Amino acid sequence: MTTATLIETVPSYVRDAWWTPAGGAPGSDARDASTGELLARVSSDGLDLAGAVEHGRTVGQAGLGRLTIHERALKLRELAQYLNDRRQELYAVSAQTGATKIDSMVDIDGGIGVLFTFSSKGRRELPNSNVILDGPAEVLAKDGSFVGEHIYTRIPGVAVQINAFNFPVWGMLEKFAPAFIAGVPTIVKPATPGGYLAAAAVRAIIDSGILPAGALQLISGSARTLLDELDYRDMVSFTGSASTANLLKNHPNVARGGVRFTAETDSLNAAILGPDAVPGTPEFDAFIKSVVTEMTVKAGQKCTSIRRTIVPNELRDAVIEAIGARISERVVLGDPRAEGVTMGALASLEQLADVRAAVETMIAAGGELVYGTLDAPQVTRADGTVAAVADGAFMSPVLLSWADAQAPEVHSLEAFGPVSSVIGYDTHDGDVSEAVRLAALGAGSLVATVCTNDPATARQLVTGIAAHHGRVLVLNREDARTSTGHGSPVPHLVHGGPGRAGGGEELGGIRSVKHHMQRTAIQGSPNMLTAVTGVWHTGADRVTAGDPEFGAVAGTVHPFRKSLAELHIGDAFASGLREVTLEEITAFANSTGDTFYAHTNAAAAQKNPFFPGIVAHGYLLVAWGAGLFVEPAPGPVLANYGLENLRFITPVAAGDSIRVTLTAKKITPRVTDEYGEVCWDAILHNQNGETVATYDVLTLVEKEDTLYA
């Protein structure tokens, strides 16, 4: 071993301890992708897989369960910041996988970015609890005593994450982050090529001391019997080949035992050039850049790479020429540790052999090699010299052209390397339906790009191919510089696709958190649902201050005088009535400029089927509602920061009166601040008890009443 980053055996991390097999255990070799140098052995021989699963279900579940969603989200942010400071260490290891600096940024920085994103979304979009409401409550009894709704709670098992070799860090963290937010412990199983980089990242994570015990475990090496240890409490997220996914799907514990299973597999992704995107247009240039980028970043070893370049037949030659010219001008193949190298090696010699064999099969089936070679290429070595490197897994970018656009092999065989195929389609009077049909022959893909500046073309292509893809990028001159690119899944949006792509779904923001949770319908009285969810339900008990005529209890403190330490769900305020006058309606119309006829023209208003005549503005009523419930003296309520779900139900005419009932509905302390958020259920009634308007009032309230105590 010649550098500090090399290790004799890639370790596993199970039951909160590092583990390596006894000496002499069988295993696999991990080699430097550029030089072939033996880096380490990889083996899990003798590893207690059942113990790892049980540790996650017990210790991991307990540790994560002691934290709320917001507390877990903050730990993700802390972890992201910690890893950000150790990126250079991971870059050094990443170079051994054949990754250039750009490749490493995509993998390592991209993974860290996922942690930041889920930390932010978890705190902004989810409650500071462990129960998530799914939709409004449904009233199931006429008197409101029996209601139902859906909730999400975390699954009680482990999330087993089986990852591919191409993104050892991002592939791990994009699965780990939503599981962690949900509160489900992770067991990660990386592929052997590049698994030492995943192990280095896990070591950094464990060294941080940020995660609760049992939250993350690592299996380095084979885990063939891992699914034997799982049951309906657990979840498997798989990224890899369709053949392996099918084997796992047919495991008895998945097929009949209820183990949740999601897969992301083979994908013959397409990029479609619109007829308007001719040479010289920004769209043509953006298209060529995108194709070459996807062929060469990570040496084309991306499940989102462009495998099928679908272009108008009249532009085929121009596209082929432009792709070849850009590769020749921009791509320098070699050891990523050498200055100036822009494309590194494939992950292993075995992967190189597989890609070459796939290309040879495609050529035999009718593909014409129009750029590149299958011979050993000249590469830049780490010392800067240029030569053929016999032990490195290097391959020239390869472009194929197909005379038969419907040849089965171009739509079914994925060469998982720097390989793309150009196929042509005919257009008739702007119709691009043939391009839609060709894209669909991929039988389901992760992503497609549509490159056009014509709205009608974009609409026809996107609506035609959307159901065959998990994501569609519409590329034109307006977003060419700002687009994250064809091959870059973002944590906010779904990553996955139908059919050949596995039918699974990862990422997608909070959607992916809920993948690690069980949706359950709960039924009961408003009081019981309030107790379970921590959110006040209409009909549940209240402690009401204000006007005794409308339910207030004498001596009860106005809820706006209570800090979060004193405020409880169900604390309420009921106001008295306020009469509405025509003069006030007119004055509001004149001062705001809202002189809509229903507020100013009696004759016209009487003809309106919704109004009895001139009525008060809805926003005037909401403003009066605030005046009716506000407690004006300085206190723990710091600010009103919005309204949600506002609905106007019954019009209010001059001479009517309104009153408000305000109830503390949801209390969300902010972990990092001295205040929290309170959502108040607000209802305006008229003098007859009819509902005038419903809405939620959002306020910021001190945790302790310190500013004005």
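Residues numbered from 1 in each chain as written. Predicted model: local features only at pLDDT ≥ 70, side-chain atom pairs only at ≥ 80, totals over all residues. Heavy atoms only, no water.

Asker: I would appreciate a short explanation of the overall build of the protein in the present structure.
Answerer: Summing up its helical and strand segments, the protein has 19 helices and 31 strands in all. Principal-axis analysis of the C-alpha atoms places the extent of the protein at approximately 90 × 70 × 50 Å. With 709 residues in all, the protein has 53% of them scored as buried. Taking the intrachain contacts of the protein between residues at least 6 apart in sequence as the baseline, contacts between residues at least 24 apart amount to 74%. In the structure as shown, the protein presents an accessible area of about 29,200 Å², 52% of it carried by carbon and sulfur atoms. In the protein, 55 positive and 78 negative side-chain charges are present, and the distance between their average locations comes to 3 Å. (Helix = DSSP H or I, 4+ residues; strand = E, 2+ residues; numbered from the N terminus. Buried < 20%, exposed > 50% of the residue type's maximum accessible area, 1.4 Å probe, protein only. Contact = heavy atoms within 4.5 Å. Areas by Shrake-Rupley, 256 points an atom, 1.4 Å probe, with all protein chains shown as cover. Lys, Arg positive; Asp, Glu negative; His and termini not counted. Charge placed at Lys NZ, Arg CZ, Asp CG, Glu CD.)

Asker: What is the right way to read the sheet that holds strand E20 (residues 445-451) from this model?
Answerer: Strand-to-strand pairing in sheets goes through backbone hydrogen bonds, with the strands running parallel or antiparallel. The strand order across the open sheet built from seven strands is E15-E18-E19-E14-E13-E20-E21, with neighbouring strands paired in mixed fashion. This sheet does not close on itself; its edge strands, each paired only once, are strand E15 (367-371) and strand E21 (469-475). This sheet shows a mean twist of 25° between the axes of neighbouring strands, independent of strand direction. Examined bridge by bridge, strand E13 (residues 270-273) and E20 share four bridges and lie parallel to one another. Residue Ile272 lies in a different strand from E20, and its bridge partner there is Val450. (Pairing = 2+ DSSP bridges. Axes fitted to C-alpha atoms, helices over the stretch in contact; angles between N-to-C directions.)

Asker: Please explain the pattern of salt bridges as it appears in this structure.
Answerer: A side chain of one charge can pair with a side chain of the opposite charge if their charged atoms are brought near each other. Summed over all chains, the structure comprises 26 salt bridges. Salt bridges linked by common partners bring Arg57, Asp231, Arg233 and Asp234 together as one network. (Salt bridge = Lys/Arg side-chain N within 4 Å of Asp/Glu carboxyl O.)

Asker: Explanation requested: the environment of Ala388 in the structure shown.
Answerer: Take Ala388: it is sitting in the loop between strand E17 (386-387) and strand E18 (398-402). For the pair Ala388 and Asp375, spaced 13 residues apart in sequence, the C-alpha separation works out to 10.0 Å.

Asker: Explain the sheet that holds strand E24 (residues 517-524) here, please?
Answerer: Strand order in this open sheet of three strands is E6-E7-E24, and the pairing throughout is antiparallel. If you trace the sheet from one side to the other, it starts and ends with strand E6 (132-139) and E24, each paired once. Averaged over all pairs of adjacent strands, the angle between strand axes in this sheet comes to 20°, irrespective of strand direction. As judged from the five bridges shared by E6 and strand E7 (residues 147-154), these two strands associate in the antiparallel manner. The residue bridging Leu133 from the neighbouring strand is Ile151, located in E7.

Asker: Looking at this structure, I do not really get the packing of helix H2 (residues 69-84) against helix H5 (residues 170-182). What am I missing?
Answerer: Think of two packed helices as two axes; the pair is described by the angle between the axes and how far apart they sit. Running from N to C, H2 and H5 point in directions that differ by 150°, and their axes come no closer than 8 Å. By the criterion of interaxial angle, the relationship of H2 to H5 is roughly antiparallel. Seen from H2, the contacting residues are Ile69, Arg72, Ala73, Lys75, Leu76, Leu79 and Leu83; seen from H5, they are Leu173, Phe176, Ala177, Phe180, Ile181 and Ala182. Here the residues of the contact of H2 with H5 sort into eleven nonpolar, no polar and two charged. (Parallel < 35°, antiparallel > 145°, perpendicular 65-115°, else oblique. Nonpolar A, V, L, I, M, F, W, Y, C, P; charged D, E, K, R; others polar.)

Asker: In this structure, what is going on with the packing of aromatic side chains? I would like to understand it.
Answerer: The geometry of an aromatic ring pair is captured by the separation of the ring centres together with the interplanar angle, meaning the angle of the planes. In this structure the tally under the stated criterion is eight aromatic pairs. Where Phe176 meets Phe180, the ring centres are 5.4 Å apart and the plane angle is 35°; that geometry is what we call tilted. Highlighted residues: Phe176 and Phe180, both in helix H5, separated by four residues, approximately one helical turn. Overall, the relative accessible area of 1% leaves Phe176 in the buried class. Chaining the aromatic ring pairs together yields one cluster made of Phe560, Phe629 and Trp680. The side chain of Arg203 reaches across the aromatic face of Trp18, ending 4.1 Å from its centre. (Phe/Tyr/Trp six-rings, centres within 6.5 Å; stacked < 30°, edge-to-face > 60°. Lys NZ or Arg CZ within 6 Å of the ring centre and 35° of its normal.)

Asker: Teacher, can you tell me more about a nonpolar patch on the surface here?
Answerer: A contiguous nonpolar patch, built from Ile102, Met105 and Val106 and spanning about 230 Å² of accessible area, is present on the exposed surface. Of note, Ile102 is situated in helix H4 (residues 101-125). (Patch = residues over 30% accessible without salt bridge, like charges linked within 9 Å, V, L, I, M, F, W, Y side chains within 5 Å.)

Asker: How should the pairing of strand E8 (residues 159-162) be read in this particular structure?
Answerer: Every regular strand shows the same layout, with side chains that alternate between the two sheet faces. Going residue by residue along E8, you find Ala159 and Gln161 tucked away on one face and Val160 and Ile162 tucked away on the opposite face as well. Bridge count between E8 and strand E9 (residues 186-189): four bridges; the pairing is parallel. Along E9, the bridge assignment pairs Val160 with Ile187. Strand direction decides the pairing type here: E8 and strand E11 (residues 235-239), joined by four bridges, are parallel.

Asker: How should I be thinking about the side chain of Arg307 in this particular structure?
Answerer: Within the secondary structure, Arg307 sits in the loop between helix H9 (282-296) and strand E14 (308-312). Note on Arg307: relative accessible area 5%, which makes it buried. Of note is the side chain of Arg307, whose polar atom sits 3.3 Å from the side chain of Glu414. Residues contacting Arg307, with those up to four places away along its chain left out, are Ser267, Leu268, Asn269, Gly300, Lys302, Glu414, Ala415, Phe416, Gly417, Val419, Ser420 and Ser421. (Polar contact = N/O pair within 3.5 Å; in protein donor to acceptor, adjacent residues only side chain to side chain.)

Asker: Looking at this structure, how should I read the packing of H4 against H5?
Answerer: H5 packs onto H4 with a crossing angle of 10° between their chain directions and a minimal axis gap of 8 Å. Put simply, H4 runs roughly parallel to H5. In this structure, H4 contributes Val106, Asp107, Gly110, Gly111, Ile112, Val114, Leu115 and Phe118 to the contact, and H5 contributes Trp170, Gly171, Leu173, Glu174, Phe176, Ala177, Pro178 and Ile181. Classifying every residue of the contact of H4 with H5 gives eleven nonpolar, three polar and two charged.

Asker: Got a minute to help me understand the nonpolar core in this structure?
Answerer: Judged by nonpolar contacts, the single largest core of 62 residues is most densely connected at Leu273, Phe287, Ile310, Val319, Ile323, Val359 and Met395. The greatest single-element share of this core, amounting to seven residues, is contributed by H9. Here Ile310 is in contact with Ala270, Ala271, Ile272, Leu273, Phe287, Ile423, Tyr425, Ala435, Leu438 and Ala439, once residues within four sequence places are set aside. (Core = buried A, V, L, I, M, F, W, Y, C linked by side-chain atoms within 4.5 Å.)

Asker: Would you take a moment to explain the side chain of Gln61 for this structure?
Answerer: Locating Gln61 in the fold gives a position in helix H1 (residues 49-65). In terms of polar contacts, Gln61 uses its side chain to reach the backbone carbonyl oxygen of Gly157, at 2.8 Å. Not counting residues within four places of it along the chain, the set of residues in contact with Gln61 comprises Gly56, Arg154, Ile155, Pro156, Gly157, Gly183, Val184 and Pro185.

Asker: Where do I start with unusual backbone geometry in this structure?
Answerer: Despite not being glycine, Arg15 shows a phi value in the positive range, around 55°. Despite not being glycine, Ala299 shows a phi value in the positive range, around 50°. For Ala299, the location among the structural elements is in the loop between H9 and E14. Among the residues examined, Ala299 registers a relative accessible area of 1% and is labelled buried.

Asker: Would you take a moment to explain the environment of Glu409 for this structure?
Answerer: Turning to its location among the elements, Glu409 is positioned in the loop between E18 and strand E19 (419-425). The class of Glu409 is partly exposed, set by a relative accessible area of 27%. Expressed as a C-alpha distance, the spacing of Glu409 and Ile363, which sit 46 residues apart in the sequence, is 9.4 Å. Ignoring anything within four residues of it in the chain, the contact list for Glu409 reads Met362, Ala365 and Trp402.

Asker: I keep staring at the pairing of E9 and nothing clicks. Help me out?
Answerer: Side chains of E9 alternate between two faces, with Thr186 and Val188 and Ile187 and Lys189 buried alike. Following the backbone out of E8, through H5 and into the adjacent parallel E9, one traces a crossover that is right-handed. Here three bridges tie E9 to strand E10 (residues 216-218), and the two strands are oriented parallel to one another. In the sheet register, Thr186 faces E10, and the bridge partner there is Leu216. With helix H6 (residues 195-208) bridging E9 and its parallel neighbour E10, the resulting β-α-β unit is right-handed. (Right-handed = clockwise from strand over helix to strand, strands pointing away.)

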